[in-house]
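Each chain, written out:
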Protein chains: 4
Amino acid sequence: MILRGNFTSEALSMSTNIQIFIPERNRAPFRVVYLLHGLHGDQGTWLDNTMLPVYAKDYNIVFVMPEAGRSFYLNLKYGRKYFDYISEELPKVCRKLFNISAERENTAVIGCSMGGFGSLKIALSKPEQFGFCGAISPACIYFKYMLEDLRKDSESYLKTGGDAEEILNDLQSIYGDKLEYRKDYDIVALVKTFPAASPKPKFFVTCGTEDDLRKENLDFKDEMKKTEFNYTYEEWQGEHDWYFFNDALKRTLDFWCGTGVKSFC
Amino acid sequence: MILRGNFTSEALSMSTNIQIFIPERNRAPFRVVYLLHGLHGDQGTWLDNTMLPVYAKDYNIVFVMPEAGRSFYLNLKYGRKYFDYISEELPKVCRKLFNISAERENTAVIGCSMGGFGSLKIALSKPEQFGFCGAISPACIYFKYMLEDLRKDSESYLKTGGDAEEILNDLQSIYGDKLEYRKDYDIVALVKTFPAASPKPKFFVTCGTEDDLRKENLDFKDEMKKTEFNYTYEEWQGEHDWYFFNDALKRTLDFWCGTGVKSFC
Amino acid sequence: MILRGNFTSEALSMSTNIQIFIPERNRAPFRVVYLLHGLHGDQGTWLDNTMLPVYAKDYNIVFVMPEAGRSFYLNLKYGRKYFDYISEELPKVCRKLFNISAERENTAVIGCSMGGFGSLKIALSKPEQFGFCGAISPACIYFKYMLEDLRKDSESYLKTGGDAEEILNDLQSIYGDKLEYRKDYDIVALVKTFPAASPKPKFFVTCGTEDDLRKENLDFKDEMKKTEFNYTYEEWQGEHDWYFFNDALKRTLDFWCGTGVKSFC
Amino acid sequence: MILRGNFTSEALSMSTNIQIFIPERNRAPFRVVYLLHGLHGDQGTWLDNTMLPVYAKDYNIVFVMPEAGRSFYLNLKYGRKYFDYISEELPKVCRKLFNISAERENTAVIGCSMGGFGSLKIALSKPEQFGFCGAISPACIYFKYMLEDLRKDSESYLKTGGDAEEILNDLQSIYGDKLEYRKDYDIVALVKTFPAASPKPKFFVTCGTEDDLRKENLDFKDEMKKTEFNYTYEEWQGEHDWYFFNDALKRTLDFWCGTGVKSFC
């Protein structure tokens, strides 16, 4: 069952759109994936641009696809509290309305690009809720250095053209006019300060070999390999586009659930 | 939460559209209303044409709005099995996916026009599942006589113009080329042969005083008053249109749940 | 035809949701109403909560319903450019894709609450495009004084509870941290500095007699009566809710198109 | 712009669902593809299961996706007139509402499985409207022999299980209880009796080498090669599933518009 709709979020204090895929023939309670879109996307991006329903019918997984504007899935200084919404309120609402499992082993967060960043942030911040994180071509893992550069010289950045003006505006909405660094919004810092007592989420990170973000994903891989996290990185020929994201979604689901045991997933 | 979508029905052996309203702030498990459209409508008719979300937010009710084409919510001889779908498969699927009550006291079927017929047919056929029936301007309560007339002389009927050709075609799809009477598709017969051992659904029937269907609804009222069914009939100034259906929906919900105790409904 | 969807806005630099009503039986090119939601709403609010399709089928009007978050239909300092999107890009896109009139006499902007503010702002800023403005229970007409008060003492405002924290955040997103006044975001100032050479939009403003915003709407009426604008104000028993907005929508359409000549509207 | 909605069809005499993709950045008036679903599908099938928006953004094409139940895009004896709806009313409505070309060179019909049959039937019956037909894994090209077999012995067919009972019911809805052959519903007969004076649609037919329908598509290819139709057949490794349909859609669009000149398509 594919469902498209909206509801009033308390955390956002406004109406927000949502899309949900439920494999109605399968066994409930279902596993659940919170599936996050990228910078220019919305709640419909994953269903519109990939073959999700074709892949998904083999798994006992409910896919919940929220929208988060250009928020990076963070609580905005100027704007709405997307982190609270997606990491706390949304799972609570979904568990209340739908027949989905509340176990962390059965709860994943997956996203591409800005949504890849979001999935890392959410899994590292709420490990007791999310047992699995699938980051597809994740962006802004090294936010810290980006902010440092911009604080020193935003003019040069603006001259790079493209979306630069909008992205600077996004960062000011998140971090304030002065782009003050926040440790709790920094993926690498969250890894380093991860509480020893917390259950560790399992990570599966993918990136195309032609993706501009490859370098920072390889750096992050090196960083993660030094830790005790269960972390897997896979890359193959591909760019930062829906051809890659579509394939990566399927591989991520197979990695989480196993290709051979789909019906028991 | 308003959800619009579709899924593959086994009873219909095809994909079918559905809309769902869930009052996400309220207490689960929710009561449920299966809300049925009229002859020219579809799954969206009730949400599009009425103020349903405004009324609904006060009740602990999930509204499930299926589509049934022009089937009168019956199993078609030539076509799909809409009665099986809506009276059996749909409630089963909804109970599996959503957090709704399975108690008959918490399960209602409400509809307008052709959907009013459908709600009567379903409540009388599946009383162990549906505790309440709200029939708004229900049509074709006296199907038997309509079929008799048409078997004798369909030509005169076709000459009445309007939708006549399409309605004759609908009836042939349901009853076959010879329009053979079926007791189990006859509301009045279902009332008369209602099993003594079955729990009785509660009925609330409404009709506008300017509605062409008023006469047969008054006749049906007389018939019901002779039985032991808990049956209430209300009429007020109005026609067979969405102004009336909108008001009638609100009154029907108030009748089922009580105006004074909405929050506990 | 009711259409729900999304597209990538260049002005917003992201995907945005939209709903459209087209009276497919009527004569094209159609008149067009840009219909704006309130603070907690979205692109679906008008269709979900009112009987719009019932009223609309009598007019030759396409209704375009965009979403604008909590932006007050302004270009946000921190966030997206909603004013540019809705007053410029959206009409351009709609004229390109749909068979709608480009004449200002055939183009209206109507909204409720925050959307009422938006409709006033848009009609006063783009009079060569919008010939009619229907402001239903418009909010924040006296933004200037609100900002002055908040600059002096935001603490007291925050203590009023409810949505206060979110609204202060909205205003900072619009006006910046220091809530600097902007003349071009002030309805009253726009009225006073309206260019003599510009064609004047026609205004129809409505408000419930029990609405908390009544006082400022009456003040605004007095102000408008001193000008040469074609301005009509109507009020009747009602609150700041969808019962009133639903009735006001119908009255506004009748005022614009005339009750007696619907088919030629 | 992706739009999902519904409207009341006069030909169907009921509400019907529709989905539309418009490449809003491109040049209008747009080319148009009527894109038809298969036996178990609906208006959403193509968008849900393929990467259509990813492929489509490169072409100046509006995609119109109607629903047709299990009608084979024919006028049902018992049921609705889907052929009239999709071949006549729908293009008329779309040309009225949207900014699409009315030239046959710019108008295509494409479909998979039952929709492949539909696309052949429509292109052969309305060649003055449809200049291109893309039939993907088309079904029931040899309907005539299927009906003959069923008239002789439907019992054996029913024993084959699966969907057999439903398909026999579909055929009775189309052809009547006695499954009387109709020349105008027979693809091969339409080819043979194609009027010499009519403009010929161009055909691009695809089928997977593992598809059960391959044999009849190869037979049809032989038949078409004897005619003067501009007919191209391509096959590659694949089954009767969405992996194949997704690839075939892209190849069909490239064939119609040319891979090298997308932006001028």
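The rules behind these values
- Residues numbered from 1 in each chain as written.
- Chains lettered and ligands numbered in written order.
- Predicted model: local features only at pLDDT ≥ 70, side-chain atom pairs only at ≥ 80, totals over all residues.
- Heavy atoms only, no water.
- Helix = DSSP H or I, 4+ residues; strand = E, 2+ residues; numbered from the N terminus.
- Rg over C-alpha atoms; globule rule 2.2 N^0.38 Å.
- Buried < 20%, exposed > 50% of the residue type's maximum accessible area, 1.4 Å probe, protein only.
- Contact = heavy atoms within 4.5 Å.
- Buried area = accessible area lost by both parts, 1.4 Å probe.
- Salt bridge = Lys/Arg side-chain N within 4 Å of Asp/Glu carboxyl O.
- Polar contact = N/O pair within 3.5 Å; in protein donor to acceptor, adjacent residues only side chain to side chain.
- Nonpolar A, V, L, I, M, F, W, Y, C, P; charged D, E, K, R; others polar.
- Phe/Tyr/Trp six-rings, centres within 6.5 Å; stacked < 30°, edge-to-face > 60°.
- Lys NZ or Arg CZ within 6 Å of the ring centre and 35° of its normal.
- Expected span 1.5 Å × (residues − 1).
- Least-squares fit on C-alpha atoms with pLDDT ≥ 70 in both.
- Bend = angle between axes of the 7 residues up to and from the residue.
- Pairing = 2+ DSSP bridges.
- pLDDT = per-residue confidence, 0-100.

Turning to the overall build of chain A, a few remarks are in order. A count of helices and strands for chain A gives 10 helices and 8 strands. Taking 2.2 N^0.38 as the reference for a compact globule, 265 residues should give roughly 18 Å; the C-alpha atoms of chain A span a radius of gyration of 18 Å, in line with that estimate. Its C-alpha atoms give chain A principal-axis dimensions of roughly 55 × 40 × 40 Å. Taken over 265 residues, chain A has a buried fraction of 65%.

At the interface, 28 residues of chain A touch 28 residues of chain C. With both chains or domains summed, chain A and chain C bury close to 2000 Å², and 36% of this area falls on carbon and sulfur atoms. Broken down residue by residue, the surface that chain A buries against chain C is led by Ser13(A), Tyr78(A) and Arg80(A), which jointly contribute 27%. For the pair chain A and chain C, the interface holds 4 salt bridges. Notably, a salt bridge pairs Lys81(C) with Glu165(A), separated by 3.7 Å at the nearest N-O pair. For the interface between chain A and chain C, the tally reads 22 residue pairs in polar contact (both at pLDDT 80 or more). Of all the secondary-structure elements, those providing two or more residues to the side of chain A that touches chain C are β2 (14-21) and α7 (164-175) of chain A. For the side of chain A that touches chain C, the leading source of residues is α7(A), giving 6 residues. Class assignment of the residues belonging to the side of chain A that touches chain C gives a composition of 4 nonpolar, 12 polar and 12 charged.

Looking now at the packing of aromatic side chains. Geometry of an aromatic ring pair is reported as the spacing of the ring centres plus the angle between the planes. Within the structure shown, the criterion is met by 80 aromatic pairs over all chains. For the pair Phe21(C) and Phe63(C), a centre-to-centre distance of 6.2 Å together with 70° between the ring planes defines the contact as edge-to-face. Taken together, the residues span a long stretch of sequence, with Phe21(C) in strand β2 (residues 14-21) and Phe63(C) in strand β4 (residues 61-66) at a distance of 42 residues. By the burial criterion, Phe21(C) is buried, and Phe63(C) matches it. Among the aromatic side chains, those forming a connected cluster through ring pairs are Phe72(A), Phe117(A), Phe143(A), Tyr175(A) and Tyr185(A). The ring of Tyr181(C) has Lys144(C) sitting right over it, with the charged end atom 5.4 Å from the ring centre. Seen from the ring of Phe229(C), Lys200(C) lies directly overhead, with NZ or CZ sitting 5.7 Å from the centre.

Moving on: helix α9 (residues 214-225) of chain A. Compared with the 16 Å implied by 1.5 Å per residue over 12 residues, the 16 Å span of α9(A) between its first and last C-alpha is a close match. The inward-facing, buried residues of α9(A) contact α4 (114-125), α8 (187-192), β7 (202-208) and β8 (231-236) of chain A.

The next thing to look at is the relation of the copies chain A and chain B. When chain A is brought onto chain B, the operation consists of a screw motion whose angular component is 180° and whose axial shift is 0.0 Å, with 0.0 Å RMSD remaining. On the angle and the small slide along the axis, the relation comes out as a two-fold axis. An overlap of 100% is found between the interface residues of chain A and their copies at the interface of chain B, pointing to a shared contact surface.

For the rest of this paragraph, the subject is helix α3 (residues 82-97) of chain A. At Glu89(A), α3(A) shows its maximal bend, which comes to roughly 40°, and the proline Pro91(A) appears one to four places after that position. Within α3(A), burial applies to Tyr82(A), Phe83(A), Tyr85(A), Ile86(A), Ser87(A), Glu89(A), Leu90(A), Pro91(A), Val93(A), Cys94(A) and Leu97(A). Contacts made by the buried residues of α3(A) are with β1 (2-9), β2, β3 (31-36), β4 (61-66) and α4 of chain A together with α3 (82-97) of chain B.

Expressed as a screw operation, the relation of chain A to chain C combines 0.0 Å of axial shift with a rotation of 180°, fitting to an RMSD of 0.0 Å. Looking at the interface residues of chain A, 100% of them are also at the interface in chain C, so both copies use one shared face.

All right, on to the interface of chain A and chain B then. Listed per partner, the contact involves 23 residues of chain A and 23 residues of chain B. Of all residues in chain A, the largest losses of buried area upon contact with chain B belong to Met1(A), Lys96(A) and Leu97(A), amounting jointly to 31% of the total for that side. The residue Arg25(B) makes a salt bridge to Glu10(A) at a minimum N-O spacing of 3.3 Å. If you look at where chain A meets chain B, you find 15 residue pairs in polar contact (both at pLDDT 80 or more). Counting residues per element, the ones that place at least two in the side of chain A that touches chain B are β1, β2 and α3 of chain A. Its residues placed into classes, the side of chain A that touches chain B shows 12 nonpolar, 6 polar and 5 charged. As defined by bridge partners, β1(A) adjoins strand β1 (residues 2-9) of chain B across 5 bridges and the pair is classed as antiparallel. The residue of β1(B) that forms the bridge with Ile2(A) is Asn6(B).

Taken residue by residue, chain A gives an average pLDDT of 95. The fraction at 70 or more is 97%. ipTM for the predicted complex: 0.93, alongside a pTM of 0.96.

Residue and element names in this part refer to chain A. Counted by the stated rule, this structure contains 56 salt bridges over all chains. A salt bridge links Glu234 to Arg251; the shortest N-O distance between them is 3.7 Å. In this pair, Glu234 is assigned in strand β8 and Arg251 in helix α10 (residues 242-257), connecting sequence segments 17 residues apart. By relative accessible area, which is 27% here, Glu234 ends up partly exposed.

Take unusual backbone geometry next. Note that the residue after Ala28(A), namely Pro29(A), is joined by a cis bond; omega there is -5°. As for its placement among the helices and strands, Pro29(A) is situated in the loop between β2 and β3. Even without being glycine, Cys140(B) reaches a positive phi, approximately 60°. Along the chain, the position of Cys140(B) falls in the loop between β6 (132-136) and α5 (143-152). Here Cys140(B) falls in the buried class, since its relative accessible area comes to 14%. A positive phi angle, near 45°, is found at Ser137(D), a position not held by glycine. By the element assignment, Ser137(D) lies in the loop between β6 (132-136) and α5 (143-152).

Bringing the environment of Asp58(C) into the picture now. Looking at the element boundaries, Asp58(C) is found in the loop between α2 (52-56) and β4. Of the residues examined, Asp58(C) reaches a relative accessible area of 32% and is grouped as partly exposed.

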